[in-house]
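Descriptive structure summary
Residue strings, one per chain:
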Amino acid sequence: MIPVGVLSDETATISGGAYLAGYDWSQVIQHAGYYGTGFTALMAPLFMATDDPVIIYRGIGMVCAVLQGASSLIAYRIFTKYFSIEKILFVAVAAVASSYLVTDCSIIIFNEHPLMLCSWIIAWILLYLQKNLDNKKKKIRATLLLILVLGYSLTLHTRAIAFWLAVGIAVVFYAWLYHRCLISIPAAVISGGVFAAAGTWYVQYIQGKLWIADSASSMRNAEIHLSGGPLQLLDPQNWQAWANIVIGQIHTAGVFTGGIFILFFVIFTHLLWKALWRRKELQGQDLSAVERGTFPVIVFCMAGIAMTMLGQSFSWLPGSREVIAAGFENDLYATKAYGYLRYFGPFCGPLFCICCVWMYKRREQILKYFRPALAALMVCEAYWMICIVPYIYHCGQIGVFNFYFPFSLWTLDKETRLLALLPASVILFLSFILCWVMVKKKQQWASVLFVCGIFVEVYFFIGIAWDREFMKDNWEIADESYGLIKSLEEKIDIPDTIYVQDARDWMTDQFTYYEYQFLLNRYTIIPEVPEDTVEEAVFFTNMVYTDNDYYEWTSKGYAYLVLDEDELLLVKGEKLQSEFREAGVALKE
């Protein structure tokens, strides 16, 4: 585990800890999209304790692993305390499976890890509130804790607004169906205003300090842009582009969960439809404690998934339309939208936990839905193969394949082919049929165990075959430069500011200067070529030439040293050059 896997995203996410530790990364971070720092700001003591980037990176990664593991403890509590599931084998397997239903491995430093834990805590609180509707004091305390978690989530990512909306929808839905209010309205209103204001203030403050943003400026990821929203669907040319995103993500979620997502998507959609349009019929039924107890979490998770999926479908719609217009030979970035689960990933773990409760407690009711769910799965699979796969099976945008390649053991060094996608579809059907058979035989634990195996295999395959490879590749773009600077720190007075140029014709935001900033975390990295007026400079670039091609630099007063095929050191200023040579650096002129 060496830093970093995703250059721009991770460095921007981690920057909060560096800032609170007193280091200035703003010259680099202002070029990145906005990623909340409410989690990594808590890691500032790591930056204060050491400047070793490997120790810092692994330390934060360990915390991410703890956050993911904590979800299994919450799941265990939900199974045993709230739904009295006593079969320890089922509880153990389901709790472990719930903790592995994540879209990102803990070795990658993303905000998905704390967002996921926030989602679990919110689901837990909703269950607690439902159980203590008649206890005013407990209701107020739980409401305050709920709003605190929601307020904190605002510091993690712009998408956290979905938590607020999903909780609001769950409260309204519950009141509509049961004529009871889940939360303490006075406590929610007062504390909601305070915590929302505090979270918003922190976000604006950190954006101003690291992204050098003000109220008049804009940055990527800082706002949710729907590009015209649902009105885009008035244009028939957008219909397939929109359907590709929505059905593609549903299919991908089905593949990742062995078909369970599609089964319970059918069950819970039917339940919510009856709650919304046939309330009296539903109220007249003898609803068990399972339906009533799980209802707030079902609404919260389904609303969160629906909002993020639909929001993404509208924001990515222009790109999806370009994919279709470009034809089958396209290699466009927007194909990623057809299988991108990261945005609604935080809602999946708690929802899967509730699915397990239903599998154990409502077996007879679930069996009635397998046939319509199988029909839905077949329609989804047919659309995937006919309308989506022809546009993606050959392309190099691997983001769409995250949850398909693990089933074919397809690694990054292989070109994408149809064979890389087909095993996932086969396993999807086999897993769905296995689940059906096991539920019929009252062996639900076996079905959950099989799905748990899928989660674990996908988790470790992506972490080992993908994330670690990205880390190794990114480490190599600056490892010699980092080693040189660290070897010189005790010998000479290196300027606090170091210049870095990424000279590649690069279409993404994954530039080398993000790696330099994290490795050399106590320096200020300037991601540009020094101005001619700069008298002294330490400058790294990946524009490496032959020895006969350095006149451009030497004529400006630079001395140079080729570190490797991707790293060139340039030093300007006679005094600084002399110090480098005295320290054993063989600079050339």
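In this report, the structure presented in the accompanying data block is examined. Only a predicted model underlies this, so the values are computations on that prediction, with no experimental measurement involved.

Analysis parameters
Along each chain, numbering runs from 1 in the same order as the chain's sequence is written. For this predicted model, a pLDDT threshold of at least 70 governs which residues receive local features, and a threshold of 80 or more governs which side-chain atom pairs are given and counted, while totals over whole chains, interfaces and linings are taken from all residues. To obtain the side-chain values, all non-hydrogen atoms of the structure were included, while hydrogens and water were left out. Each helix corresponds to a stretch of at least 4 residues labelled H or I by DSSP, and each strand to a stretch of at least 2 residues labelled E; elements are numbered beginning at the N terminus. In protein, a polar contact means a hydrogen-donor-capable atom and an acceptor-capable atom, both N or O and within 3.5 Å, with residues adjacent in sequence counting only if both atoms are side-chain atoms; elsewhere, any N or O pair within 3.5 Å suffices. Whether two residues are in contact is decided by their heavy atoms, any of which lying within 4.5 Å being enough. The aromatic pairing rule takes the rings of Phe, Tyr and Trp, using the six-membered ring of Trp, and pairs them if the centres are within 6.5 Å, calling planes under 30 degrees apart stacked, those over 60 edge-to-face and the rest tilted. Working definition: with a 1.4 Å probe on protein chains only, accessible area under 20% of the residue-type maximum means buried, over 50% means exposed, and in between means partly exposed. We call a charge positioned above a ring when the Lys NZ or Arg CZ atom is no farther than 6 Å from the ring centre and deviates by at most 35 degrees from the ring normal. We treat two strands as partners when DSSP finds at least two bridges between them. Axis definition: a line fit to C-alpha positions, over the contact stretch in the case of helices; interaxial angles, taken between N-to-C directions, run 0 to 180 degrees. Expected helix span is computed as 1.5 Å times (number of residues minus one).

Along the polypeptide, Gln365 turns up in helix H16 (residues 363–367). Separated by 2.9 Å, the side chains of Gln365 and Arg362 make a polar contact. Once residues lying within four places of it in the same chain are set aside, the contact partners of Gln365 are Glu291 and Trp358.

With that settled, the discussion passes to the packing of aromatic side chains. The tally for this structure, following the rule as stated, stands at 40 aromatic pairs. On the numbers, 5.4 Å between centres and 70° between planes, the contact of Tyr459 with Phe460 is edge-to-face. By relative accessible area, Phe460 is classed as partly exposed at 41%. Through a chain of ring-to-ring contacts, three or more aromatic side chains come together here, namely Trp25, Phe47, Tyr57 and Phe518. If you follow Lys131 out to its NZ or CZ, it ends over the ring of Tyr82, 5.2 Å from the centre. Sitting over the ring of Phe110, Arg342 keeps its end group 3.9 Å from the ring centre.

Let us look at unusual backbone geometry. Geometrically, the link from Pro3 to Val4 is a cis peptide bond, its omega value of -15° lying close to zero. Here Val4 lies in the segment before helix H1 (7–20). A positive phi is found at His179, a non-glycine position, where the angle reads about 60°. You can call His179 exposed: its relative accessible area is 57%. The phi torsion at Lys442 lies on the positive side, around 60°, for a residue other than glycine. Mapping Lys442 onto the fold places it in the loop between helix H19 (422–440) and helix H20 (444–476).

What the five strands build is an open sheet, ordered E2-E1-E3-E5-E4; its pairing is mixed. Taken across any chain shown, the strands that pair with only one partner, and hence form the sheet edges, are strand E2 (524–526) and strand E4 (558–564). Across the sheet, the mean angle from the axis of one strand to that of its neighbour is 25°, orientation sign disregarded. Bridge analysis of strand E1 (residues 497–501) against strand E3 (residues 537–541) gives three bridges, and the strand direction is parallel. Opposite Tyr499, over in E3, you have Phe539 as the bridge partner.

This part is about helix H4 (residues 53–82). Compared with an ideal rise of 1.5 Å per residue, which puts 30 residues at 44 Å, H4 spans 43 Å between its outermost C-alpha atoms and is within 8% of the ideal. Its side-chain oxygen placed 2.9 Å from the backbone nitrogen of Val54, Asp52 serves as the N-cap of H4. Downstream of H4 by one or two residues, Ser84 has phi in the positive range, about 50°.

Where burial is concerned, most of E1 is hidden: four out of the five residues are buried. The pairing of E1 with E2 spans three bridges and is classified as parallel. Across the sheet, Ile498 pairs through a bridge with Ile525, a residue of E2.

Glancing now at the environment of Arg522. Position of Arg522 among the secondary structure elements: in the loop between helix H22 (512–519) and E2. Counting along the chain gives 447 residues from Arg522 to Ala75, while the straight-line C-alpha distance between them is 41 Å. Leave out the neighbours within four places in its chain, and Arg522 touches Tyr23, Phe47, Met48, Ala49, Thr50 and Asp51. Reaching out from Arg522, the side chain makes a polar contact with the backbone oxygen of Phe47 at a distance of 2.7 Å.

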